[in-house]
Amino acid sequence: MGVMKTRMWFRLAATVTVGAALASMTACSTAKGASAERGKLDQDITAAVVPVKQENLTNQLQIASEFIPYQSIDVYAEVAGYVKKLDINWGTRVKTGQLMAVLDVPQLDAAVKRDQASVSRDQSDLQRARRMLGEAKATFFVANVTYKRYAGVIKQDPQVISQQRVDVAQGNELKAAAAVSAAQAEVSAAQQALSAAKATLSRDSAMYNYSFIRAPFDGVVTKLNAYTGALLPAGTSNSTSSLPLCHLSQLDLLRLVIPVPGQVVPDVHLGEVVNVSVPSLHRVFKGKISVLAGQINFQTRTEHTEVEVRNPNLLLVPGMYATVQLPVKNAQHALAVPIQAVSIGRKGTTGTVLVVNAQNRVERRKVTLGIQTAYEVQIVSGLRAGERVIFGEQGRYHNGEVVHPEPVQLTSLGAAQ
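Let me sum up the structure you'll find in this document. The model shown is predicted, which means the values in this text are computed figures rather than measured ones.

Looking at the overall build of the chain
- What the chain contains, in helices and strands, is 3 helices and 21 strands.
- By the burial criterion, 33% of the 417 residues in the chain qualify as buried.
- Here the contacts in the chain between residues at least 6 apart in sequence split such that 74% fall between residues at least 24 apart.
- A total accessible area of about 25400 Å² is found for the chain, and carbon and sulfur atoms account for 54% of it.

See the structure below:
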C-alpha cells in the first residue's frame, strides 16, 4: 500500500509539473503574439505627410468691383446748327482731334466772310496811312532843311536873304511837322481799326470752327444721339433740352474703384502693380494703383482707391466685374506648411502640428504662426525646414504613436493628389 501511494503521488506531481509548464509556454506564446500583433497594427497606421518648405508668401485681400472708363463725357455742340456731315456711329474708335461731325451754321459763315472783308479794308487803310505818313515826313524834311539853311545864311550876312523868306521857310517847316503828326495819328487809327477787325474775325472764326466737332481724346463712341439733318442746340445754353451729339468714352485705359478697409490701408501703396481677375474672361490682367484718396471715409471706414488697367485691344468692356487682389503682407523665404496641416488657435497667432520624426513617431508640437494665404500659413517658430508634418485630420493620431508616412503631392491650388 505504501509503495502504491508513493507512485501515485509522483504521477500526480509530474502531471501538475507538466501542466504548469504547458500553461507557462501557452502564456508566453500568447504574450508574444499580442506584442507582434500590436507592432503589426502600429506599422499598418498610415499618415499623409508634407515637408516644411521655405517659400515667398503673399497675403492677398480680394475686393470685387466693376470696370468703368478712364474718362467718359457727353460731346455737345458749342454753337447751334444742323448736322451737315456725320463721320461717326456707335462703336466708332476716334483719335484726338479727329473730325466727328460738321454743323451747318450759315450766319457764322457770313460773319466770318464779313470780318475777312473788314480786315482786308483796314489793311488797305493802314497801308495808305503809312504812305501818307511817309510823304509828310519827306515834306517836313525839305521844309526843315530849307529853314535851317535860310536861318544860317541870314545870321552870316543879313544882306543876302530877306527876313521874309526865312519866316516863310519856318512856316512851311511848322506846317510840315503838323502834317507828320496828323499822318501818324491816321496810322495809329488804322492800326487800331485793323486790330479790332482781326479780333472780331478771330472770335467769329473760333465760333465757326465750333461747327466742326472734333474728338477731345482717344476713345470710342458708346452712344450716338443725333444723325444727319438733326438740329443740335448749343451746349452752353441753359435749355434743359440740350442734346449731345454723342457719348465718348476712353476704353484703352479702364479704372476700378475699390473701397480698401482701413486696417490694411498702410499696406497699399501708390503705383503698386496688382492682379485683376476677370471671371467672365477666365483671365488675370495686370493693374496699377493710380489713386489713393488719402483719407478714410468716416462712415464706411474705407479709403477710396482706384486701379488702372490697360486695355489696348478693347478686350475688357466697362461694366464687367473683376476682382482686385491686393498684396497686403509679404514674407520672403518663410517656413510654410499647408493650412490643412495646422490646428490654428482662436487668436490665429498660434497653433499645433503633428510632426513625424525620424523614428516615424508622432510628435504634437506648438508653433507660432505668421501671415496666412489662401492655402498656406507661415511658421514663425516651432518647426525646421525639411521636417514632416501630418496633412489632414489630426484627431486620428496620438502623441508617440508609430505611423507609416506617405508623402502627399500638392497642386498649385493647394489640393492634395
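Thoughts on the packing of aromatic side chains
- Taken as a whole, this structure holds 1 aromatic pair when the rule is applied.
- The ring of Tyr70 carries Arg255 above its face, with NZ or CZ at 5.6 Å from the centroid.

Comments concerning the nonpolar core
- Membership of the largest hydrophobic core comes to 24 residues, with the highest contact counts inside it found for Phe67, Val276, Val307 and Leu326.
- For this core, the secondary structure elements donating two or more residues are strand 2 (53-69), strand 11 (253-261), strand 12 (273-278), strand 13 (283-296), strand 14 (302-310) and strand 15 (321-338).
- With residues up to four places along the chain from it excluded, the contact list for Phe67 reads Leu254, Arg255, Leu256, Val276, Val278, Val309, Leu316, Val317, Pro318, Gly319, Met320 and Ala322.
- Listed in part, the 21 residues of the second largest apolar core include Val75, Ile213, Leu224 and Leu232.

Quick look at the side chain of Ser211
- Tracing the chain through its elements places Ser211 in the loop between helix 3 (163-209) and strand 7 (212-214).
- You can call Ser211 buried: its relative accessible area is 1%.
- With near-sequence residues (within four places) excluded, Ser211 lies in contact with Val79, Ala101, Val102, Leu103 and Val105.

Concerning the layout of surface pockets
- There is about 210 Å³ of room inside the second largest pocket.
- Looking at the second largest pocket, the residues that line it are Thr58, Asn59, Gln60, Gln62, Thr373, Ala374 and Tyr375.
- Residue composition of the lining of the second largest pocket, grouped by class: 2 nonpolar, 5 polar and no charged.

Looking at unusual backbone geometry
- The phi dihedral of His282 is positive, around 55 degrees, even though this residue is not glycine.
- In this structure, His282 sits in the loop between strand 12 and strand 13.
- A residue is classified by how much of its surface remains accessible, and His282, at 72% relative accessible area, is exposed.

With respect to the sheet that holds strand 3 (residues 72-75)
- Strand order in the open sheet formed by 4 strands is 3-10-8-5, with antiparallel pairing between adjacent strands. Both edges of this open sheet fall to strand 3 and strand 5 (93-94), since each of them pairs with a single strand only.
- Relative to strand 8 (residues 219-224), strand 5 runs antiparallel, the two sharing 2 bridges. Looking across to strand 8, one finds that Arg93 is bridged to Val220.

Let's talk about the sheet that holds strand 9 (residues 231-232)
- Read from one edge of the open sheet, 4 strands run 7-6-4-9, paired in antiparallel fashion. The open sheet terminates on both sides in strands that have one partner only, identified here as strand 7 and strand 9.
- Two strands pair when backbone bridges link them, and strand 4 (residues 81-86) and strand 6 (residues 99-104) are joined in this way by 4 bridges, in the antiparallel orientation. Within the sheet, the bridge partner assigned to Lys85 lies in strand 6 and is Val102.

Here's the deal with the pairing of strand 11
- Pairing of strand 2 with strand 11, which is carried by 3 bridges, proceeds in the antiparallel orientation. By the bridge assignment, Pro69 is partnered in strand 11 with Leu254.
- Two strands pair when backbone bridges link them, and strand 11 and strand 14 are joined in this way by 9 bridges, in the antiparallel orientation. The partner of Ile258 across the bridge, within strand 14, is Thr305.

Re the packing of helix 2 (residues 106-156) against helix 3
- Between helix 2 and helix 3, the least distance of the axes is 6 Å, while the angle of their chain directions is 165 degrees. With respect to their mutual orientation, helix 2 and helix 3 come out roughly antiparallel. Considering only the axes of helix 2 and helix 3, their crossing is left-handed.

Some thoughts on helix 3
- Here helix 3 spans 68 Å end to end across 47 residues, near enough to the 69 Å set by a 1.5 Å rise per residue.
- Looking at helix 3, one finds that the buried residues are Val166, Ala169, Glu173, Ala176, Val180, Ala183, Val187, Ala190, Leu194, Ala197, Leu201 and Asp204.
- As for helix 3, its buried residues are in contact with helix 2.

As for the pattern of salt bridges
- Following the criterion strictly, the structure yields 7 salt bridges and no others.
- Among the ionic pairs, Arg365 bridges to Glu363, the shortest N-O distance being 2.9 Å.
- Judged by relative accessible area, Glu363 falls into the partly exposed class, the value being 28%.
- Several salt bridges converge on common partners, so that one network encompasses Glu363, Arg365, Arg384 and Glu387.

Some words on the environment of Arg384
- Turning to its location among the elements, Arg384 is positioned in the loop between strand 19 (376-381) and strand 20 (388-390).
- A residue is classified by how much of its surface remains accessible, and Arg384, at 56% relative accessible area, is exposed.
- Residues Arg384 and Val52 lie 332 residues apart in sequence; the distance between their C-alpha atoms is 6.9 Å.
- Discounting residues that sit within four places of it in the chain, Arg384 has contacts with Val52 and Leu335.

Conventions and cut-offs
- Residues numbered from 1 in each chain as written.
- Predicted model: local features only at pLDDT ≥ 70, side-chain atom pairs only at ≥ 80, totals over all residues.
- Heavy atoms only, no water.
- Helix = DSSP H or I, 4+ residues; strand = E, 2+ residues; numbered from the N terminus.
- Buried < 20%, exposed > 50% of the residue type's maximum accessible area, 1.4 Å probe, protein only.
- Contact = heavy atoms within 4.5 Å.
- Areas by Shrake-Rupley, 256 points an atom, 1.4 Å probe, with all protein chains shown as cover.
- Phe/Tyr/Trp six-rings, centres within 6.5 Å; stacked < 30°, edge-to-face > 60°.
- Lys NZ or Arg CZ within 6 Å of the ring centre and 35° of its normal.
- Core = buried A, V, L, I, M, F, W, Y, C linked by side-chain atoms within 4.5 Å.
- 1 Å grid on protein atoms, 1.4 Å probe; cavity = no way out; pocket = protein on both sides within 12 Å on 5 of 7 lines; lining within 4 Å.
- Points joined across faces, edges and corners; volume = space filled by probe spheres on them.
- Nonpolar A, V, L, I, M, F, W, Y, C, P; charged D, E, K, R; others polar.
- Pairing = 2+ DSSP bridges.
- Axes fitted to C-alpha atoms, helices over the stretch in contact; angles between N-to-C directions.
- Parallel < 35°, antiparallel > 145°, perpendicular 65-115°, else oblique.
- Left-handed = near helix turned anticlockwise from the far one by under 90°.
- Expected span 1.5 Å × (residues − 1).
- Salt bridge = Lys/Arg side-chain N within 4 Å of Asp/Glu carboxyl O.

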